[in-house]
Structures are given as C-alpha cells and as structure tokens.
Amino acid sequence: MYYCERCRALNENDCCDICGKSHLREVEPDDECFLIEKEVMWAEMLIEVLENNQIPYTYTTSMGAGMALKVGPLFERYQIFVPYAYIEQAHDCVRTLFKEESEKNLD
C-alpha cells in the first residue's frame, strides 16, 4: 500500500488517485490516513465511536472557522484521519455506524 503525503490518502499504486502525484512511498504505521468525510453531526457521532474504541484520530474542517460562522454549521464537513495502524478498525466502525448507507452504495 502506498501513501500520498499531500492528500494523506492510501493508494494501491505508487500514483495518487486523488491528486496524481507519482512516486509515492510505502505507508508507515503512524501515517495519518484519510478515513471519511461527513457532515458535522455524523462526523461527531463517528468521532465518539472512534474514541470508545480507543482509535486515535484527527480531523480537519472543510470550510474553516470563519466561513462556518458566516454560513452556519449546517454546511460544515469534517475530514477524519486515523493512523494507518488503526485503519482497519476504523473502517469497521464506519461500516457499522453507516451500515445502511454502505449497503445502498453496494447496489
């Protein structure tokens, strides 16, 4: 598995599927990897599940504090990242929490 430091994304090949950067390096256990992007309410629920499962995480907001204050939190989204060593556990949490949504995506 390869890691894009720019996108913090995992890739099957040594070229990033998101930004196109080539010559990616092999992923390391402490690399912060993109897990999911969700609206605030759903992201906060997932964060609680991650904490309950003792999975470390970080997140960034899509709009930033200033814009969120102007338009309100309704349109804010969180991008959640977890260390590669916890990525499978974190994916299990996502699948469990958003099971119905995952099943729709499989159709």
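About the thresholds
- Residues numbered from 1 in each chain as written.
- Predicted model: local features only at pLDDT ≥ 70, side-chain atom pairs only at ≥ 80, totals over all residues.
- Heavy atoms only, no water.
- Helix = DSSP H or I, 4+ residues; strand = E, 2+ residues; numbered from the N terminus.
- Buried < 20%, exposed > 50% of the residue type's maximum accessible area, 1.4 Å probe, protein only.
- Contact = heavy atoms within 4.5 Å.
- Areas by Shrake-Rupley, 256 points an atom, 1.4 Å probe, with all protein chains shown as cover.
- Axes fitted to C-alpha atoms, helices over the stretch in contact; angles between N-to-C directions.
- Parallel < 35°, antiparallel > 145°, perpendicular 65-115°, else oblique.
- Left-handed = near helix turned anticlockwise from the far one by under 90°.
- Nonpolar A, V, L, I, M, F, W, Y, C, P; charged D, E, K, R; others polar.
- Pairing = 2+ DSSP bridges.
- Salt bridge = Lys/Arg side-chain N within 4 Å of Asp/Glu carboxyl O.

Once that is clear, we can look at the overall build of the chain. The helix and strand tally for the chain stands at 4 helices and 6 strands. Counted from the first residue to the last, the chain has its helices and strands arranged as β-β-β-β-α-β-α-β-α-α. Put simply, the chain has 107 residues, and 30% of those count as buried. In the chain, 56% of the contacts between residues at least 6 apart in sequence involve partners at least 24 apart. Counting every atom, the chain has about 7200 Å² of accessible surface; 50% of that belongs to carbon and sulfur.

For the pair helix α1 (residues 40–52) and helix α3 (residues 87–97), the least separation of the axes is 10 Å and the interaxial angle reads 130°. What the angle tells us is that α1 and α3 run oblique. Seen from above, α1 lies across α3 with right-handed handedness. Contacts between α1 and α3 involve M45, L46, V49 and L50 on the former and, on the latter, A90, C93, V94 and L97. Tallied by class, the residues present in the contact of α1 with α3 amount to 8 nonpolar, no polar and no charged.

Another point: the sheet that holds strand β5 (residues 58–61). The sheet built from 3 strands is open, its strands ordered β4-β6-β5 with antiparallel pairing. Either end of the sheet is taken by a strand with one partner, and the two such strands are β4 (32–39) and β5. When the angles between neighbouring strand axes are averaged without regard to direction, this sheet yields 25°. For β4 and strand β6 (residues 77–83), the ladder comprises 7 bridges, and the chain directions are antiparallel. In the strand pairing of β6, K38 is matched with Y78. Its contacts with the sheet put α1 on β4, β5 and β6, and the angle it makes with β4 is roughly 135°. α3 contacts β4 and β6 of the sheet and is inclined by roughly 15° relative to β4.

The subject of this paragraph is the pattern of salt bridges. Counted according to the given criterion, the structure contains 6 salt bridges. The partner of E28 in a salt bridge is R25, with the nearest N and O atoms 3.9 Å apart. Overlapping salt bridges, with partners in common, bring together E5, R25, E28 and D31 in one network.

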